[in-house]
Amino acid sequence: MPARLDLGPQPRLGYIASAIDRVAGSRGDDAVLKKYCEHALAGSYLIGGELIVLRPAGTSYEPLFSPVQARALGAVREVVFLGLLGDAPRFGFGLDPAAVEQLKACYDLKIADLRSIAVHGMVSEEHLPPLAEAKALLGWHARHRFCSNCGAPTKTAQGGWRRDCPSCGVEHFPRTDPVVIMLAISGERCVLGRSRRFAPTMWSCLAGFAEPGETIEEAVRREVLEEAGIACGRVSYFASQPWPFPSSIMIGCHAEALSDTLVVDREELEDARWFDREELASMLKQQHPQGLTTPPPVAIAHHIIRNFVENGNDVFH
Ligand SMILES: [Zn+2]
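Below is a summary of the structure that appears in this document. (Residues numbered from 1 in each chain as written. Predicted model: local features only at pLDDT ≥ 70, side-chain atom pairs only at ≥ 80, totals over all residues. Heavy atoms only, no water.)

A count of helices and strands for the protein chain gives eight helices and 16 strands. Taking 2.2 N^0.38 as the reference for a compact globule, 317 residues should give roughly 20 Å; the C-alpha atoms of the protein chain span a radius of gyration of 22 Å, in line with that estimate. With respect to the principal axes defined by its C-alpha atoms, the protein chain has extents near 60 × 50 × 35 Å. Burial analysis of the protein chain (317 residues in total) assigns 49% to the buried set. The long-range share in the protein chain, meaning contacts at least 24 apart out of those at least 6 apart in sequence, stands at 65%. Approximately 15,100 Å² of the protein chain is accessible, and the part contributed by carbon and sulfur atoms is 52%. Taken as two groups, the 32 positive and 39 negative side-chain charges of the protein chain have centres that lie 4 Å from each other. (Helix = DSSP H or I, 4+ residues; strand = E, 2+ residues; numbered from the N terminus. Rg over C-alpha atoms; globule rule 2.2 N^0.38 Å. Buried < 20%, exposed > 50% of the residue type's maximum accessible area, 1.4 Å probe, protein only. Contact = heavy atoms within 4.5 Å. Areas by Shrake-Rupley, 256 points an atom, 1.4 Å probe, with all protein chains shown as cover. Lys, Arg positive; Asp, Glu negative; His and termini not counted. Charge placed at Lys NZ, Arg CZ, Asp CG, Glu CD.)

Take the packing of aromatic side chains next. Throughout the structure, instances matching the rule amount to seven aromatic pairs. Taking the centre distance of 6.5 Å and the plane angle of 70 degrees together, the rings of Phe91 and Phe93 count as edge-to-face. Each member of the pair, Phe91 as well as Phe93, is classed as buried. Three or more aromatic residues joined by ring pairs form one cluster here, namely Tyr36, Phe81, Phe91 and Phe93. Residue placement shows Arg273 over the ring face of Phe275; its charged tip is 3.8 Å from the ring centre. (Phe/Tyr/Trp six-rings, centres within 6.5 Å; stacked < 30°, edge-to-face > 60°. Lys NZ or Arg CZ within 6 Å of the ring centre and 35° of its normal.)

This part covers the side chain of Arg163. Mapped onto the fold, Arg163 is located in strand β9 (residues 162–164). There is a polar contact of 2.9 Å between the side chain of Arg163 and the side chain of His141. Within polar-contact distance, the side chain of Arg163 engages the side chain of Thr154 at 2.9 Å. In this view, Arg163 contacts Glu78, Trp140, His141, His144, Arg145, Thr154, Lys155, Thr156, Val170, Glu171 and His172; residues no more than four positions away in its chain are not counted. (Polar contact = N/O pair within 3.5 Å; in protein donor to acceptor, adjacent residues only side chain to side chain.)

Moving on to the pairing of strand β11 (residues 177–186). Among the ten residues that make up β11, eight are buried, leaving the element largely enclosed by the rest of the structure. Pairing analysis gives nine bridges linking β11 to strand β15 (residues 248–257), with the strands arranged parallel. By the bridge assignment, Asp177 is partnered in β15 with Ser248. Bridge count between β11 and strand β13 (residues 206–209): four bridges; the pairing is antiparallel. (Pairing = 2+ DSSP bridges.)

Time to look at the nonpolar core. In terms of nonpolar packing, the biggest core is built from 51 residues, with Tyr15, Leu114, Ile117, Leu183, Leu192, Leu280 and Ile305 touching the most fellow members. For this core, the element with the most residues is helix α5 (residues 128–143), which contributes seven residues. Leave out the neighbours within four places in its chain, and Leu183 touches Cys190, Val191, Leu192, Cys205, Cys253, His254, Ala255, Ile304, Ile305 and Phe308. Met182, Ala184, Ile230 and Trp274 belong to the second-largest nonpolar core, a separate cluster that totals 20 residues. (Core = buried A, V, L, I, M, F, W, Y, C linked by side-chain atoms within 4.5 Å.)

Attention now goes to the layout of surface pockets. Reported here for the largest pocket is a volume of approximately 860 Å³. As for the largest pocket, its lining consists of 32 residues, of which Arg115, Arg197, Phe198, Trp243 and Met250 are closest to the centre. Put simply, the parts of the chain that give the lining of the largest pocket at least two residues each are α4 (114–119), β11, β12 (189–194), β13, α6 (216–228), β14 (232–243), β15 and α8 (300–311). For the lining of the largest pocket, the leading source of residues is β13, giving four residues. (1 Å grid on protein atoms, 1.4 Å probe; cavity = no way out; pocket = protein on both sides within 12 Å on 5 of 7 lines; lining within 4 Å. Points joined across faces, edges and corners; volume = space filled by probe spheres on them.)

A word on α8. For α8, spanning twelve residues, the distance from its first C-alpha to its last is 16 Å, which sits close to the expected 16 Å at 1.5 Å a residue. Along α8, the residues classified as buried are Ile300, Ala301, His302, His303, Ile304, Ile305, Arg306, Asn307, Phe308, Val309, Glu310 and Asn311. Where α8 is buried, its residues meet β11, β12, β14, β15 and α7 (277–284). Gly312 sits one or two positions beyond α8 and adopts a positive phi of about 55 degrees. (Expected span 1.5 Å × (residues − 1).)

So, on to the pattern of salt bridges. Here the idea is simple: oppositely charged side chains can pair when their charged atoms come close. With the rule as written, the count across this model stands at 22 salt bridges. In this structure, the salt-bridge partner of Lys135 is Glu50, at a minimum N-O distance of 3.2 Å. Placement of the pair is Lys135 in helix α5 and Glu50 in the loop between β1 (43–48) and β2 (51–57), with a sequence separation of 85 residues. Where Glu188 meets Arg277, a salt bridge forms, and the shortest distance between an N and an O atom there is 3.1 Å. You can see Glu188 sitting in the loop between β11 and β12 and its partner Arg277 sitting in helix α7, a full 89 residues away along the chain. (Salt bridge = Lys/Arg side-chain N within 4 Å of Asp/Glu carboxyl O.)

With that settled, consider the coordination of the zinc ion. The zinc ion binds to the protein through Cys147 (SG), Cys150 (SG), Cys165 (SG) and Cys168 (SG), with metal-donor distances spanning 2.2 to 2.4 Å. One can describe the donor arrangement at the zinc ion as tetrahedral, given that its four donor atoms subtend angles of 101 to 115 degrees at the metal. Going along the chain, you hit the donors of the zinc ion in the pattern C-x2-C-x14-C-x2-C. With Cys150 in the loop between α5 and β8 (155–157) and Cys165 in the loop between β9 and β10 (171–172), this residue pair connects regions lying 15 residues apart in the sequence. (Donors = N, O, S within 2.8 Å, 3.2 Å for Na, K, Ca; no water. Tetrahedral: all angles 85-135°; square planar, octahedral: opposite > 155°, others 65-115°.)

Turning to the sheet that holds β10, a few remarks are in order. Strands belonging to one sheet form pairs held by backbone hydrogen bonds; the direction of such a pair is parallel or antiparallel. Strands sit in the order β8-β9-β10 across an open sheet of three strands; the sheet is antiparallel. If you trace the sheet from one side to the other, it starts and ends with β8 and β10, each paired once. Examined bridge by bridge, β8 and β9 share three bridges and lie antiparallel to one another. Looking at β9, one finds that Ala157 is bridged to Arg162. Set on the sheet, α5 makes contact with β8, β9 and β10; between it and β9 the angle comes to about 20 degrees. (Axes fitted to C-alpha atoms, helices over the stretch in contact; angles between N-to-C directions.)

Purely spatial values, then, with no claim about function.
As structure tokens, then:
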């Protein structure tokens with residue numbers, strides 16, 4: 001295997017590079033938010049739990065509705081202000097998931113989950129970051145209606161970027177859960193694992209939540225040791241990705257494996273094994289003799305694996 005291997009044009013990672021300016025300074029001004037909502041260019045994404053409401057548009061789908069169109073489709077539980085795309089205000093409207101299920105019967109609408117929308121390219125790419133922003137934020141509202149300090153019902157504030165408790169006065173902010181996702185590497189080989197919920201041919205990076213009191217590097221080493229029994233030394237940050245399922249940020253890393261013998265945690269994983277760069281290249285090119293695959297380019301795991309295939313140990317910097 002050469003030190004460097006070119007797999008061709010770099011596919012785009014999903015949910016990143018938002019063109020929306022969040023204009024956080026406007027969130028606290030109700031008059032400005034009202035003006036934005038009534039703006040001729042205002043557009044809203046309609047989300048109910050895991051489901052997104054789309055409209056067929058030619059060979060693709062359109063995810064934006066005017067606020068008036070959006071309200072005609074069902075009772076809106078929550079409105080969050082996403083920001084401005086140029087002069088055009090963008091909102092997320094949270095609907096009751098059961099009401100969105102019923103919209104599946106409408107011939108002029110298409111209801112789909114965000115994973116399918118991203119993997120199958122059902123909407124143009126610029127919609128993925130605001131859909132991720134809206135889904136994560138609306139999901140947080142749906143799960144945090146009561147104060148975690150005193151138990152009283154809380155109220156939306158700051159255009160949906162805060163919930164305030166009228167009883168004890170505590171302000172609650174949307175949470176983002178950090179997940180480390182990593183490739184443990186030893187020379188020309190690395191470790192991939194399989195979760196039971198994966199498609200039968202798919203192998204991916206190991207991953208897990210960072211815990212309180214841990215650095216990213218410590219979380220990477222702990223997760224690889226727990227899931228695969230491999231001790232790791234150097235950890236190199238690669239890239240990150242918002243992952244709104246429900247509200248994570250994926251922190252992608254490469255880690256230097258210090259041992260060879262795998263001890264697989266069968267509670268967490270169906271299996272884990274070593275793959276060399278050549279086998280990984282055939283998986284990325286979808287030419288593996290047994291049809292084994294990696295996650296699609298929309299997911300950061302694809303890029304973490306590809307970076308190792310292309311650059312070998314130069315991933316450590
Ligand atoms: Zn409270």
